[in-house]
Amino acid sequence: MRERMGAWLNRNDYVRDLKRVILCFLIVYMAILVGTDQDFYSLLGVSKTASSREIRQAFKKLALKLHPDKNPNNPNAHSDFLKINRAYEVLKDEDLRKKYDKYGEKGLEDNQEGGQYESWNYYRYDFGIYDDDPEIITLDRREFDAAVNSGELWFVNFYSPGCSHCHDLAPTWRDFAKEVDGLLRIGAVNCGDDRMLCRMKGVNSYPSLFIFRSGMAAVKYHGDRSKESLVSFAMQHVRSTVTELWTGNFVNAIQTAFAAGIGWLITFCSKGGDCLSSQTRLRLSGMLDGLVNVGWMDCATQDNLCTSLDITTSTTAYFPPGATLNNKEKSNVVVGKFDCSSAPDTCSNLYVFQPCLAVFKGQGTKEYEIHHGKKILYDILAFAKESVHSHVTTLGPQNFPANDKEPWLVDFFAPWCPPCRALLPELRKASKHLYGQLKFGTLDCTVHEGLCNMYNIQAYPTTVVFNQSNIHEYEGHHSAEQILEFIEDLMNPSVISLTPTTFNELVKQRKHDEVWMVDFYSPWCHPCQVLMPEWKRMARTLTGLINVGSIDCQQYHSFCAEENVRRYPEIRFFPLKSDKAYQYYSYSGWNRDAYSLRIWGLGFLPPASIDLTPQTFNEKILQGKNHWVVDFYAPWCGPCQNFAPEFELLARMIKGKVKAGKVDCQAYAQTCQKAGIRAYPTVKFYPYERAKRTIWGEQIDSRDAKEIATLIYEKLENLQKHGKRNKDEL
């Protein structure tokens, strides 16, 4: 009996243990399901390195399978489809994708798209028409201008997904693209997704086919839509001429092209090396028409000429206009190939593990930049031209500026990331402006994962400025102008980063003559990110008038809660201190641009200008001995109300040199009439001269404080010179 009881107890223990294991497994499984449900990449079945095309293809495949139209008996079909639709809406958008990668869904709280979708037929027939065609490049608004202005010849099909004629043309357009591949670029623009681009290009019917080449007006195709007719039309615009160069024509051909500002790309065919085939040369000529002349030389028959040019093996070299054609200087840019299998250590030291293109700058291999764009000619040409004249270096562990005394801007990126590729040319532009002040480098996180993890890089691109022990992350848009603004602000900060301690010391305990504007924000908040560059721009215009600060409510969450900050961004103005309790004003305006915020802040400052009456106008301006600037306005006038804070800013800028006054033309209509005021607001300058001043004054046609101040100072300088000339003559 005891043995049976023991066996029974052991069996119960076993069952209990088994249940626990099963329960644990279910918990883990559910956790995975929940995680998967929240992970947009997993929902679409793509990796975090997926390209835009791969994301579209994955979504289309799922849409055809999971669409409610195809699953009428599934009560969860609608909600399931909304999930993948939401994932697609986020990952297809470069900015939303970066925010999601960095902050997760919390970073998307201000963008809740994905609630609507199309019918199953749309995804089957109309969605991503040319995504599976490598010869056809789908151009979006960001890529279009760079492509058609690259110097290459482009034939672009502007189509609409719902257009039956567009679908009829698609098979022919694919065959045509294969036929002319290499002679010109074939593109497609989805006008359903890029309506603004199509409208700007004058597209009002579908399909519309246009030839584009930099420097010439777009040419619309009006012929029939057969492959033969399309090829015939396209070839009229392709000009492929390859010149065979020899002793008799070499000097004259080179000098004639140089005189026209055109360089030469010449293939020298000798023993060994890489001699481009005749077909490749023809294609290069067609692609580079108008930019570069393409030629070739047979060094077997032109041995003396090749020897004088120091050509010992087959090579291709670019001769820019004005290059010296001797054995010391063949060209500014030499085109070459390196076989990594013959010297793997060399490529390994450069962290090159797959075929790529690179520009080497200066001596040795310390300064070089690897091309991460598309492996197509217009992209390669643009990269080469930009890289040679810019100061961006490819970084790795051997040259990463961790302890460098000089400041560096480092762009952590991934080659598959579209925003990363869009940022690279902007970095090159910015590097030219800041040469000698700041070094620029790029770090490929797919190659140097350890370095990126060390700096907690969670999304691409992440751009960071290293200034010895200080690290500053750039959060602005991908443009050279905003990068330069960001650097300028680092060098001369216009916004003070506040902590709870400094907030109490500087803002709450501010001096009686100080005022503050403070932005309470969170890094993941999209409106906060949009506001930040405008906030800094505004702060630069208010230097010396209003102190501007910001406080990170993600880092100081408890403090912001104590300050009753319930939303982001929360903008507050702290006026001149009084005996009243803790006082501030919250901004509730619709526009959060630098101009609107500046006007709002200036409105709280005590007036720096004087209200003039007919009597004081006569005494102080017409009979006085000071320079005056006067704002003639009407209280009911909207533009006058907008200009009022700007005029107060002007009054403070010119204080001590020129006095500022205001005349209410509704109250003192006769004075304004005598002064010739016909519109409101009108600004007039009344300089002091020994001769009696007239009421007409000098009208200033500007509404910008800085511009008006500059004009006034110029007038005063001319007045001073004129007065000095009169004294010299006497």
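See above for the structure.
A brief look at the structure comes next. Only a predicted model underlies this, so the values are computations on that prediction, with no experimental measurement involved.

Definitions and cut-offs
Residues numbered from 1 in each chain as written. Predicted model: local features only at pLDDT ≥ 70, side-chain atom pairs only at ≥ 80, totals over all residues. Heavy atoms only, no water. Disulfide = S-S within 2.5 Å. Buried < 20%, exposed > 50% of the residue type's maximum accessible area, 1.4 Å probe, protein only. Core = buried A, V, L, I, M, F, W, Y, C linked by side-chain atoms within 4.5 Å. Helix = DSSP H or I, 4+ residues; strand = E, 2+ residues; numbered from the N terminus. Contact = heavy atoms within 4.5 Å. Expected span 1.5 Å × (residues − 1). Pairing = 2+ DSSP bridges. Axes fitted to C-alpha atoms, helices over the stretch in contact; angles between N-to-C directions.

With the rule as written, the count across this model stands at ten disulfides. Residue Cys417 pairs covalently with Cys420 via a disulfide, S to S 2.5 Å. Between Cys417 and Cys420 the disulfide shows an S-S torsion of about 85 degrees. By sign, it is right-handed. Across the pair, Cys420 and Cys417 agree in class, each one buried. Between Cys553 and Cys560 runs a disulfide, and the two sulfur atoms are separated by 2.0 Å. Taking the sign of the S-S torsion, about -85 degrees here, the bridge from Cys553 to Cys560 comes out left-handed. In this pair, the class of Cys553 matches that of Cys560, namely buried. Cys356 takes part in no disulfide bond, and the closest cysteine sulfur, belonging to Cys340, lies 7.2 Å away.

Moving on, we get to the nonpolar core. In terms of nonpolar packing, the biggest core is built from 35 residues, with Met517, Trp535, Met538, Ile546, Val629, Leu650 and Ile712 touching the most fellow members. Those elements that provide at least two residues to this core are helix H20 (526-541), strand E21 (570-574), helix H22 (594-602), helix H24 (638-653), strand E26 (682-686) and helix H26 (705-729). The residues contacting Met517, other than those within four sequence positions of it, are Trp535, Met538, Leu542, Ile546, Asn547, Val548, Gly549, Arg572, Phe573, Leu597, Trp600 and Gly601. Ranked by size, the runner-up nonpolar core spans 26 residues in total, among them Phe155, Leu169, Trp173 and Leu183.

With an omega dihedral of -10 degrees, the bond running from Tyr460 to Pro461 counts as a cis peptide bond. Checked against the element boundaries, Pro461 lands in the loop between helix H17 (449-454) and strand E16 (462-467). Here the bond from Tyr568 into Pro569 is cis, since omega is -10 degrees, no more than 30 degrees from zero. For Pro569, the position within the fold is in the loop between helix H21 (557-562) and E21. Positive phi outside glycine occurs at Tyr351, with the angle close to 55 degrees. Within the secondary structure, Tyr351 sits in the loop between helix H14 (344-349) and strand E11 (358-360). If you check the backbone angles, Asn456 has positive phi at about 55 degrees while not being a glycine. Residue placement: Asn456 occurs in the loop between H17 and E16. You can call Asn456 exposed: its relative accessible area is 53%.

This part takes up helix H4 (residues 77-91). Between its terminal C-alpha atoms H4 stretches 21 Å, which fits the 21 Å expected from 15 residues at 1.5 Å a residue. Ala77, Phe81, Ile84, Asn85, Arg86, Ala87, Tyr88, Glu89, Val90 and Leu91 are the residues of H4 that are buried. On its buried face, H4 is in contact with helix H2 (40-44), helix H3 (52-66), helix H5 (94-103) and helix H6 (120-126).

Here we take up the sheet that holds E21. Ordered in space as E18-E20-E19-E21-E22, the five strands form an open sheet in which the pairing is mixed. Taken across any chain shown, the strands that pair with only one partner, and hence form the sheet edges, are strand E18 (496-497) and strand E22 (585-586). Relative to strand E20 (residues 547-552), strand E19 (residues 516-521) is paired through six bridges, and the arrangement is parallel. In the strand pairing of E20, Asp519 is matched with Ser550. Against the sheet, helix H19 (residues 500-508) engages E18, E19, E20 and E21, with an angle of about 160 degrees to E19. Helix-sheet contacts for H22 involve E19, E21 and E22, and the interaxial angle to E21 is about 30 degrees.

By themselves, these figures tell us nothing about what the structure is for.
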